[in-house]
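# Chains, contacts and geometry: an overview
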Amino acid sequence: MGFIFEILIAFFLVISGIFGFVGSYGMIKLKDPMSRLHAPTKATTLGVGGVLLASICHSVLIEQHLSLHELLITLFLFLTAPITALFIAKWHIHRHEKPSDLPDAGEDELWATHAVEQVEDVPDHSKS
Amino acid sequence: MSLFLIAALPFLGAVFPALLIRAGRNAAASAAGLTTFLALMGLLIHIPSVMRGDVVTARFEWIPALGLNANFMLDGLGFLFALLILGIGLLIILYARFYLSREDPMGQFYTYLLLFQGAMVGIVLSDNILLLLVFWELTSLSSFLLIGYWKHLPEGRQGARMALAVTGSGGLAMIAGMLILGNIVGSYDLSVILQNKELIQASPYYLPALILILLGCFTKSAQFPFHFWLPHAMAAPTPVSAYLHSATMVKAGLFLMARMWPVLAGTDAWFYIVATTGLITMLMGAVIALFKDDLKALLAFSTVSHLGLVTMLLGFGTKFAAVAAIFHIINHATFKAALFMTAGIVDHETGTRDIKRLGGLRHLMPITFTIGTIAALSMAGIPPLNGFLSKEMMLEETVHTTWLHSHYLVPGLALLAALFSAAYSFRFVSHVFLGPERHDYPAHPHDPPVGLWLAPAFLVVLVVLIGLNSAAIVGPLVAVVSSAVIGGEKLPYYSLKLWHGFTPALYMSVVATLGGLFLLSLHRHEEKIWNALPRPEAKVIFDTVISVLTRLSRLITDTLHNGVLSRYAIIMIGFTLALGYYAYTTGTIGPETRKALPIQIIPLIGWICLVGATLAIMWFHRNRLLSLVLIGVVGLIVSMAFNYLSAPDLALTQISVEVVTMILLLLSLNFLPTDTPWDSSAARRWRDAAISVVAGIGSGALIYALLLRDFAFPTISEFHLANSYKGGGGTNVVNVILVDFRGFDTFGEIIVLGIAALIIFALTEAVLGTNVRSYLLNRKPHWPQSGDSHPLMMVVVTRMMMPIALMVGAYIFFRGHNQPGGGFIAGLVVAIAFLMQYMASGYTWAIERQRFYYHGSIGWGVLIAAATGLGAWFNDRPFLTSDFGYIHWPPLEEFEWATAILFDTGVFLAVLGAVMLALDSLSRFAWQPGMAQEFPMDINPLRDNQPQEEENKEQV
Amino acid sequence: MNHWIVAPIVLPAILAPFIIMVLRFHLDLQRIFSVAGVVALIGIALTITAQAAGGDIQVYELGNWPAPFGIVLVLDRLSAMMVLLTALLALPIVLYAIASGWDDRGKHFHALFHFQLMGVCGAFLTGDAFNLFVFFEVLLIASYGLMTHGGGSVRLKAGVQYVAYNLLGSTLFLFALGTLYAVTGTLNMADMAVRVAELPADDTALLRVGAVLLLLVFCIKAAVLPLHFWLPASYASAPLPVAALFAIMTKVGAYSILRMYTLGFGPEVEATQGLVGAWLQPAALVTLAVGAIGILGAQHIARMVAFCAITSMGTLLIAISLFTETATAAALYYVYHSTLATALMFLVADLVMERRGGAIVPTAPMPQSGLISALFFVGAIALAGMPPLSGFVGKLLVLDAARDAPDANAIWAVILIGSFVTIVGLARAGSLIFWKSHDAQYNTETDPDNEEEAAPAPAPEPNPGLAFTAVFAMAIGLVLLTLFAGPALEYTAKTAEQLFTPENYIAAVLGGDT
Amino acid sequence: MEALVASAVGVMTAAGIFLILRRRTFPVILGLSLLTYAVNVFLFATGRLALDAPAVLNKYKEVPYTDPLPQALVLTAIVISFGMTAVIVMIALSAYLSSKDDHIDMNAHDSVDAPGEDA
Amino acid sequence: MIVYAIWFAFACFGTAIMMCLWRIITADGVGTRVLALDTMVINTIALLILYGLSLGTEVFFESAMIIAMLGFVSTVAYARFMLRGNIIE
Amino acid sequence: MIRFLHRIFPHPHLTFLLTIVWVLLANNMTLNSLVFGLILGIIIPFITQPYWPDRPKLRNWPMVVEYILVVLWDIVIANITVARIILFKRDADRQPAWISVPLELRTPEAITVLAGTITMTPGTVSSDLSAQGHNLLVHCLDAPDPDAVRDQIKSRYERRLKEIFE
Ligand code: NA
Ligand code: NA
C-alpha cells in the first residue's frame, strides 16, 4: 500500500517537474510575446499544483494527518494567474497591436485597451 | 575697595550706557564716567599700601581643575597701569562726550569703551596668567568693536579686522607660551611664577615659551614686523585712538614684558629678541612718522616708535633700563594722549587731519596751539619737559649697550631715531600751527569748548610738572613700579632730574634736536625721495594675504566638498577598507574550526541566479525598470535563501517588504526619468567597479572567515532558546526575541517606520504646497496610456481576495508567537490587501471606503506598544516586561494569552498605518483631474444595463 | 525599580504619537504640549542627573530580562549629563522654532522633534550595542524628516545626499555589529567588553575588524574627517533651528566613541591594541583644520556655521582621542560648550537669513541688526574660543590636557592656528554682514527716491520677542557654563573617573560576576 | 555552502556600491537596496549557517536549532531599512519634482544659496 | 523513490528558474520581463513546497502563501505601471 | 430569530467560507480554531463589505461543482496539449490566432470566472474585454479553427456560468 502511495506522490512530483520546466522553457522557445504568455501561466500552474498535490498526499497518506492548507496556495494561484495573463496581454495589445490587427469587437467597436480617452483633454490647471 | 570690584566695575558699568542712552547722551556719558571714577577711587584707596611696597591680593577659585583662578594682585606696576587706564579713561570719556556727533550711537561707544577698560584693568591686576589671557583676548575683542565703531567707514572695518587678526593671533601664540610657562612652573599663578626665574630659564621650554609670549606682546604693542595694524586702527574715532593707541592697549604688551621681566629677562635670547625688535621699531616708526601727512598717522607711527623705545629698554635687561622704561611709559602716556586729543580737536574744528591742508592755526586756536606745542616738544625730547628726562635715560643706557660686540650700533641707531623723533615732533608743531593763516580750511576753525580741551590741558600740565620736578611728582611712583618690575630686588642708582652734567646722553640730545630741525627744514626734498622709494604698503600686503587665504580656503573647501556624493562615498568606503585591512593585518587569525556545509544543487542554482541578476543590475542599471525587476529577483532569492537556511520569519518579512518597496519605487519611477543617461566616463566606471569589487571582496572575505569559525564564547542566544517558552510563552524563538527579550528594539523599529511614514506625508504636503502641484496636474505620462484603467476582472478578483487576504493577515498575526509570522508581517499583508483595492478600483473609490485613519493607526500602534510596556510598571516591573498565561473556558480547549500579543498589536497597527500612509501619500502625486470616478471598474456591462432597466421602469 | 531611567525615552515616545493623533490639526496645542514635553524632559533629566551624581551606576532591565540576554539601559554620570544636555538644548530650540514660525512651514515638526529627542536620549542611555543601532536609526530618520522640513529644492537635494550617506553609515554599523556578534556572541556592551578582554590572543583579527568598523560608524556620526562629508551641505540646507538641534547629533557619535573605547576597546585590552590611536588623533586634527578653513572660505552664513560645527567636533575629538582622564574631563566640558555654541550660532544665522538672506555679502541693513550682531558676536566669541566665554575655557582645558601627549606640538599648533583662522573668518563674515551694510552704497535708506520701500521690513518672525529670548537663553547658558566652569569641571572630572574605571560599569550591568 | 553565501554577500556588496557611485538618485537608491540585502545576509550569517533547524521549538523531540538572535536582528534591520528606503525614495522624488533634476550631486550654486527658496 | 522524484522536480524547477532569469535579462520588452518574473515567483513557490516536502516540515507554508499573494501584487503593479504609469489612480 | 441570525451573520456564505479558510490555514480541526475562525469570519465581512457592493447570488450549487470538475479536467488536458506544442511543435507550424467571443454574461463576477477559466484551459488566454464589456478577446496558441474554439468556450463554460450567476 505504502509503495502505491509513494508511486502516486512520485508521479505528481514528476508531472509537476515536467510542467514547471515546460512553462519556463516555453517562455524561451516561443518567439512571439503573446504565445509566450501561454506557456508559463498554464504549465506553471499545474506544476505548482502537482507539487501541492504531492505534498497533500504525502501528509495524508504517509504522515497520516490531514493537511489541506496547500489548497489555499492553489486557490490564490488560480485566482491570480488569469489576471497576470490579462495584464500582460493588455500590455502587448497596448504596445504592439493596432485596433485593425485585432478581430472585430462587435457593437463595442474597440477593445478596452485601445479605448483610451485623449490625453490632450486634460485641462490646463497651471494658469488658474 | 576689593580688587574684584575694581576689575568688575567697568564690566558692570558697561551695561548702563547702552541702556541709558535713551535718557540722553549726558546720562550715558555720566554713567560711564561715574563707573570709571568709582573704579579709580577704589584704586586710589590702595595708594598707601602700594607705596609701602605691599602687594594687595584677592583670590577666588574659579576653575581649580584647570588652574584658572580669579586671582588678582595690585603692586606698583599694576597700580601704575591701572592708574593710567582709569585716569586717562576718565579724561577720554569726558573728551568723547564732546567729540562724537549726534549721529553716532554714543551708548554703544561707552559700553564698548568700558568693556575695553575692564579688560585692560583685568590684565594689569591679574595674578593668574590664564586669567590674564582671558583679559588679554578681551582687549582684542573690545578694541575690535571700538575700531570698527564707525561701521560705515570701510577703513574702520578693515582696520578693526586687521587689528583683531594681528593681536588675536599674537594672543593665541601667547596662550601657548603661557601654558608652557605654567607647565614649567607647575602653577599658573603669577606670584608663583615670578619666584621661579632659575627654574624657568633652565627649562628647555624656556625659548619656545619666551618666543610665544613675546609674539603676543609684540603684536599687541605694534612692534616690528607687527606694527602695521596700528596706523590702520586710526580709522577709529579719535578718543579711541587716544585711549587705545597711546595710553592703554598698545601698552599691554609693554606691561606684560615688564611683568615677566623678573623671570624672562636677563638672557641673551631676551636681549637679542626684545632689544633688537625695540630698536628697529623705534627707528622705523620715527622715520615713517616724519612722512605721514595724516595727523593721526603721524602720531600712530610716533607711538610705534616710542613703544619700540620702551621695548628696547626692557630688552636691555638691566635694572636701570627698566627704570627708564617705566618712566618713559608714564611720560609717553601723558604727552601722547594730549597729542591725540589735540589732533582730534584740530580735526574736529578744521574738518581735516591732513597736514598739507593745515598750517597757521596758531592764531585761530591759541589754546590748542599751546597744548599741542608743549606736548609735541615733550615728545621731541626738549627740556624741561618730561619727554626729555626719559629720553636722556634711554640714550644714556644705549651708550652702555653692546650689540654683538659692537659698541656703536645701538647708540648710533638710537640717536638716529631720536633725531627723526625730534623732526616729526617739530613738524607737528610747525606744519599745523605755524606759518601763515590759510583760507581754505574745510571748516572755520576756532578753539573748541572747554570740555574738549580740558582733558589735554590737564595732561600737558602734568607734562610740564613732571619735567620740572619729576622726583617729587612721580619719583615715589617710579620707584615702586620699578621695584615691582625688577622683582622686588634693590633698585639701581638713578636720578630723575633735568641736569646730569655733560654726559654723552646730553650731547646726543643736542645732536638729535638740531638734527631734527635740520631734517625738518629739508622736509620737502626728503619727501620727494621718500615718495620715490619703493616701500611695502602693509595694508595691501595684509589685504592680499587675507584675500588669498580666503580664496584659498574657499578653493580648498569647495574642492573638497564639491557636492559629488560618489566622491564622498568613495572616500568613506576607501577609508573603511583601509582601516579594516589595517585592523585585520595587525591582528592574529586563528584556524578554521567549522566544517563547511556541502553545496547542494538548489542553492547553487539560487546562487547562480542571484549572482547573475546582480551582475545584470550592474550592467543594465541604466534601464531603471529592468533594474527594478532584477532587484526583485535578488530579493526573491535572498528570501528563498533565508528559508533554506532555517529562517522562515526572515523570508516572510523579506518578501513582504520587498514587494512594498518595489511598489514605492514604481510609484516614484512614474515621475522620474525611466532611463539613467550615461554621465560618467568609462574610466570612472572602471574605477568605481574596481572599488566596488574590493569592497565586495572585503565583506565576502569577512563573513567567510566568520562562517568557518565558531563563536569564541557561548552566545547569549542559548539563553533565548532555553527561556523562550518558559519565560516568554512562545515557541517561535525569533518572535519571542522580537516582542519580549528584545522588545525594546522592536519598539524603536516601529517608531522608525512610523516616522518614515510621517516624513513621507509631510513631504507630500510640502511639495504639493508649491508650484510642483500645477506641474503634476498637467504632467503628461511617460508613454501613451492604455484604456481601461480599472479592468473588470482585476476588480472582481481583488474583491474576492480581500477577505481571504485579511484572514491570512489575522492568521499570520496570531500564530507569530509560536510559528513564523507576527504583527509586522501581518501589518504588511493587511496593508497590501487594502492596497490591492487602491490599485484595482481606484484611489478615490477605495479611500471612500477606508474605515481607518492612517495617522491614527500609527499613533495608536506606538501608544499601544508603549502602554503594554508601561503596564508592567503597575506590577513594579520594568518597561516591556511581558506576562502570559493559559485560559480554559469549557468547552473550548485551553488557550494561551500573552501581553506580547498586545505589543504585537501595536506593531501591527503601526506598520499598517505607516505603509498605507506612505503609499497613499505617494499616490497623491499622481492625482489628476478626471481621475476621480464614481465607479470602481471602467467597464461594467451590468451598469450599462441598469439605467435601461430603470428607464424601462419609468416607461412602465 | 527606578523607572526614571526609561522616562527620557518613553516620554517623547508617547508624546509624539499623541501629538500626531490628537493634536494633528491644532498647532497651538501642539506647541503647548511640545514645550511642556521638553520642560518635563528637563525635569526628568535633572532627576536622573541627580541620581547619577552620587556615582552609583544604575541598570534598568527592559522586559525584566537580565543582561546580557535582554536590553538594559545604564545610567551613569556620562549618560545622565548627555541626556541633560539634550533636554537643555531642546528647550530654546523648540521655543525658537515656535517663535520663528518654522514649525508651521511643514507638517509634523513637533512630533519629529520629540522622536529625535527620543532617539538621542535612547542612544545615550542604552547599554546594548544593537539597541544603540536602533536608536541611531530613530534619531537619524527623525533627522531626515526635520532636515527636509518645509521642502524646497536645494534642501531636498541636500537631503537626498544626507540620507544616502547616512544609510551607507547604517550599513556599516550592521557589518560591524554582525562581526562583533559573530566573534563574541553577545550584544551587551559590558558583556562584550568582558569577552573582548578574554579573547584568545591568537585569534583577534576578526574582532579587530569589527571594532574598527564600529568606531568608523561613530566617526561618521561625529563628522571626523574624512567621514564628515554628510555635514556641511545638510546642516547648511536644513531649517536652521533644526541644524541647531543637530548640534547634539554629532555628540552622539563622540559619546559612542568614548563609551565603547573606555569600556572595552581601549589600548590596555590586548585584542584591540593600537586600533584607534594611530588614526583618530590625526583625523581629528585634520577635522579641525578643514573646519577652520571652511569657516574662512564660506560664502554663506549657514555653511559657515556648519563648518564651525566641524571645527568644534575636531577640537572635541582631539580631546577624546587623548583618552586620558584629564582630557576626557575636558572633552565632556567641551561637549556642553560646543553644543550650545553651535546651536546658538545656527539660531543667529537663522535670524540673519530670515531678514537678509544668508550670503556673506553686504546688503541693505536689516531690522534689529544691533541685537542680532551682538548675539552673533557672542556666538563667534564662543566658537572661536575667545574669552570670556566657555569656548576659551574649553580650549584651554584641551590644550592643557594635551600638553603631555606625544604630539602635543601638533595638537597645540592646530588648535591655536585653527582658532586664529576661525577668528579671522568669523570677523570677516560678521563685518560683511553687520557692518558693511551700513556703507552708503548699501544703505538704501539714504536714497530719498524710495524711502518708502527702504523702510526696514518688520521682523519676519511671528514672535520676535520669544525668538530673541530663546537665543538669549542659549547665550546665557554659555555664560553660566563659563561662570560655573569650576563645578562643571568637577562633575566632568568625576565622570571621566567613572569612565576610566569600567569595572564598576561592567559589574553593575552583569551583576558583579566579573 | 559557506562559500556561496560569502561570495553572494560580496557580489551584492560590490554591485550595491557600484550603483551607489552613480550620479542619479534612482540607481543610488537601488544600490542602497542591494547593499541592504548584502548586509542583511551578512548579519544573518553571523549566526552561522544551519539547514533544517529553524528556531521554532519542538515540544516533542530534541532537534538542533539555528541561532535565533541574528534573525531577530535582521528582522529589525529589514524593517528599519525599509523605512529608510521609503524616506529616501520620497525625498529623492520630491527633490526631482522641485528641481526637475535627478542628479544626486549638488553643484556649487546649490551650496552657496542653500535654502533660499522656502515653501 | 519519492526522494528521486523530488530531486527530479528540484532539477526541473531549478532549471526553470534559471531560464526565467535568462528571459528577464534578454527579453525584448517589459511585458515579457514581468511575465518571466511572475513565472519565476511561481517556480519558487513550487521549489519551496518541494523543499518542505523533502524535509517533512510545514514551516515554509506561510512563505509560499505570502509569495503567492505578493507575487501577484507586484506583477499587477508592474503591469499597471506599464499600461498607465500610475499604479494607483 | 432569523432577523437576529441575519444580524449576526449578514454574510453567511462568506462567513462559512472564511471559517473554512481559517481552518485550512490553522491546519487543524479543533473547536478552538473553528470558534476563532467563526469570529474572524464575522468580523472580516464587516470590514470588506463596502469593497464588494452588489455581491451576486449563486443560484445553482450543483452546477458550481460540475463546473469546477469540468474546468479541472480541462486544465489537465490543456497542460498536456500545451506542453506538446511547446516541446515538439516547430514555431513555424503553429497557427496563433485572436478570436472575439461575444458574451451573453453581464455579471462582472461571471465574466471574470469565464475569462479566468479560458486562461487556465487549453491554449487560450483571455486578453481583453471590449469597450462595453460585451465581447471577450481571446488569444489562441495554436488554433487552426478559431470558430471551434469560440463555440467550445460558449457551450462548455459560458452556458454553465449563465446558469450559476444569472
Ligand atoms: Na517583554
Ligand atoms: Na515574527
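Residues numbered from 1 in each chain as written. Chains lettered and ligands numbered in written order. Predicted model: local features only at pLDDT ≥ 70, side-chain atom pairs only at ≥ 80, totals over all residues. Heavy atoms only, no water.

### Looking at the environment of B:Ile751
- Mapped onto the elements of the fold, B:Ile751 is located in helix H34 (residues 743-768).
- Setting aside residues up to four positions removed in sequence, B:Ile751 forms contacts with B:Val862, C:Ala13, C:Phe115, C:Met118 and C:Val138. (Helix = DSSP H or I, 4+ residues; strand = E, 2+ residues; numbered from the N terminus. Contact = heavy atoms within 4.5 Å.)

### Some points on the coordination of the sodium ion (ligand 2)
All names here are of chain B.
- Listed as protein donors to the sodium ion (ligand 2) are Asp649 (OD), Asn735 (ND2) and Gly821 (O); their distances from the metal cover 1.9 to 3.1 Å.
- All donors of the sodium ion (ligand 2) belong to a single chain; written as a sequence motif, their spacing is D-x85-N-x85-G. One end of the pair, Asp649, is in helix H30 (residues 648-669); the other, Asn735, is in helix H33 (residues 733-741), with 86 residues separating them in the sequence.
- Residue Asp649 is classed as buried on the basis of its relative accessible area of 3%. (Donors = N, O, S within 2.8 Å, 3.2 Å for Na, K, Ca; no water. Buried < 20%, exposed > 50% of the residue type's maximum accessible area, 1.4 Å probe, protein only.)

### Focus: unusual backbone geometry
- Between B:Phe224 and the following residue, B:Pro225, the backbone shows a cis peptide bond with an omega angle of 0°.
- Tracing the backbone shows B:Pro225 in the loop between helix H10 (206-220) and helix H11 (229-232).
- A cis amide bond links C:Pro387 to the next residue, C:Pro388, at an omega of 5°.
- Its location among the elements puts C:Pro388 in the loop between helix H14 (369-384) and helix H15 (390-401).
- Phi at B:Asp876 is positive, roughly 55°, even though this residue is not glycine.
- Mapping B:Asp876 onto the fold places it in the loop between helix H39 (854-874) and strand S3 (884-887).
- Positive phi values are uncommon outside glycine, yet B:Leu880 reaches one of about 75°.
- Looking at B:Leu880, the relative accessible area reads 7%, which means it is buried.

### Brief notes about the packing of helix H13 (residues 249-264) of chain B against helix H16 (residues 319-350) of chain B
Residues and elements named next belong to chain B.
- At a minimum axis separation of 12 Å, H13 and H16 run at an interaxial angle of 155°. Between H13 and H16, the angle falls in the class roughly antiparallel. The handedness of the crossing between H13 and H16 is left-handed. Residues Lys251, Leu254 and Trp261 of H13 touch H16, and the partners they reach there are Lys319, Ala322, Ile329, His332 and Ala333.
- Residue classes in the contact of H13 with H16 are distributed as five nonpolar, one polar and two charged. (Axes fitted to C-alpha atoms, helices over the stretch in contact; angles between N-to-C directions. Parallel < 35°, antiparallel > 145°, perpendicular 65-115°, else oblique. Left-handed = near helix turned anticlockwise from the far one by under 90°. Nonpolar A, V, L, I, M, F, W, Y, C, P; charged D, E, K, R; others polar.)

### Section: the interface of chain C and chain B
- In this assembly, 126 residues from chain C lie in contact with 112 residues from chain B.
- Taking both partners together, chain C and chain B bury about 10,600 Å²; carbon and sulfur atoms supply 76% of that area.
- Put simply, chain C and chain B have three salt bridges between them.
- Between C:Asp128 and B:Arg742 there is a salt bridge; the shortest N-O distance is 2.5 Å.
- It is helix H6 (residues 153-184) of chain C that provides the largest number of residues to the side of chain C that touches chain B, a total of 13 residues.
- Of the residues contributing to the side of chain C that touches chain B, the split by class is 81 nonpolar, 27 polar and 18 charged. (Buried area = accessible area lost by both parts, 1.4 Å probe. Salt bridge = Lys/Arg side-chain N within 4 Å of Asp/Glu carboxyl O.)

### As for the nonpolar core
- Core analysis: the largest hydrophobic core is formed by 780 residues, its most contacted members being B:Phe744, B:Phe747 and C:Tyr144.
- By residue number, the principal contributor to this core is helix H3 (residues 68-99) of chain D, which donates 22 residues.
- Split by domain, this core shows at least three residues from each of two domains, domain 1 (131-538) and domain 2 (732-943) of chain B.
- If we ignore the near neighbours within four places in the chain, the residues touching C:Tyr144 are B:Ile759, C:Tyr162, C:Val163, C:Asn166, C:Leu167, D:Met84, D:Val87 and D:Ile91.
- One finds A:Phe19, A:Ala39, A:Leu46 and F:Ile86 within the second-largest nonpolar core, a separate group that totals 10 residues. (Core = buried A, V, L, I, M, F, W, Y, C linked by side-chain atoms within 4.5 Å. Domains from an automatic or database assignment.)

### A few points about the packing of H34(B) against helix H5 (residues 129-147) of chain C
- Viewed as axis vectors pointing N to C, H34(B) and H5(C) meet at an angle of 15°, and their least axial separation amounts to 9 Å. Between H34(B) and H5(C), the interaxial angle falls into the category roughly parallel. Helix-helix and strand crossings are classified by hand; for H34(B) and H5(C) the assignment is left-handed. Contacts from B:Phe744, B:Asp745, B:Gly748, B:Glu749, B:Ile751, B:Val752, B:Ile755, B:Ala756 and B:Ile759 of H34(B) reach H5(C) at C:Phe130, C:Asn131, C:Val134, C:Phe135, C:Glu137, C:Val138, C:Ile141, C:Ala142, C:Tyr144 and C:Gly145.
- Its residues assigned to classes, the contact of H34(B) with H5(C) shows 13 nonpolar, three polar and three charged.

### Section: the interface of chain D and chain C
- Taken together, the contact pairs 42 residues of chain D with 40 residues of chain C.
- Across the chain D to chain C interface the summed buried area is about 3,700 Å²; carbon plus sulfur atoms make up 76%.
- Salt-bridge contacts for C:Lys157 lead to D:Asp101; the nearest nitrogen and oxygen are separated by 2.6 Å.
- Counting the contacts that link chain D with chain C gives five residue pairs in polar contact (both at pLDDT 80 or more).
- For the side of chain D that touches chain C, the secondary-structure elements that each account for two or more residues are helix H1 (2-20), helix H2 (25-45), H3 and helix H4 (108-112) of chain D.
- Here the element with the most residues in the side of chain D that touches chain C is H3(D); it accounts for 16 residues.
- The class makeup of the residues in the side of chain D that touches chain C is 24 nonpolar, 10 polar and eight charged. (Polar contact = N/O pair within 3.5 Å; in protein donor to acceptor, adjacent residues only side chain to side chain.)

### Some words on the coordination of the sodium ion (ligand 1)
Residues and elements named next belong to chain B.
- Around the sodium ion (ligand 1), the donor atoms from the protein are Asp740 (OD) and Leu880 (O), and they sit 2.0 to 2.6 Å away. Highlighted residues: Asp740 in helix H33 and Leu880 in the loop between H39 and S3, separated in sequence by 140 residues. The residues Asp740 and Leu880 share a single accessibility class, namely buried.

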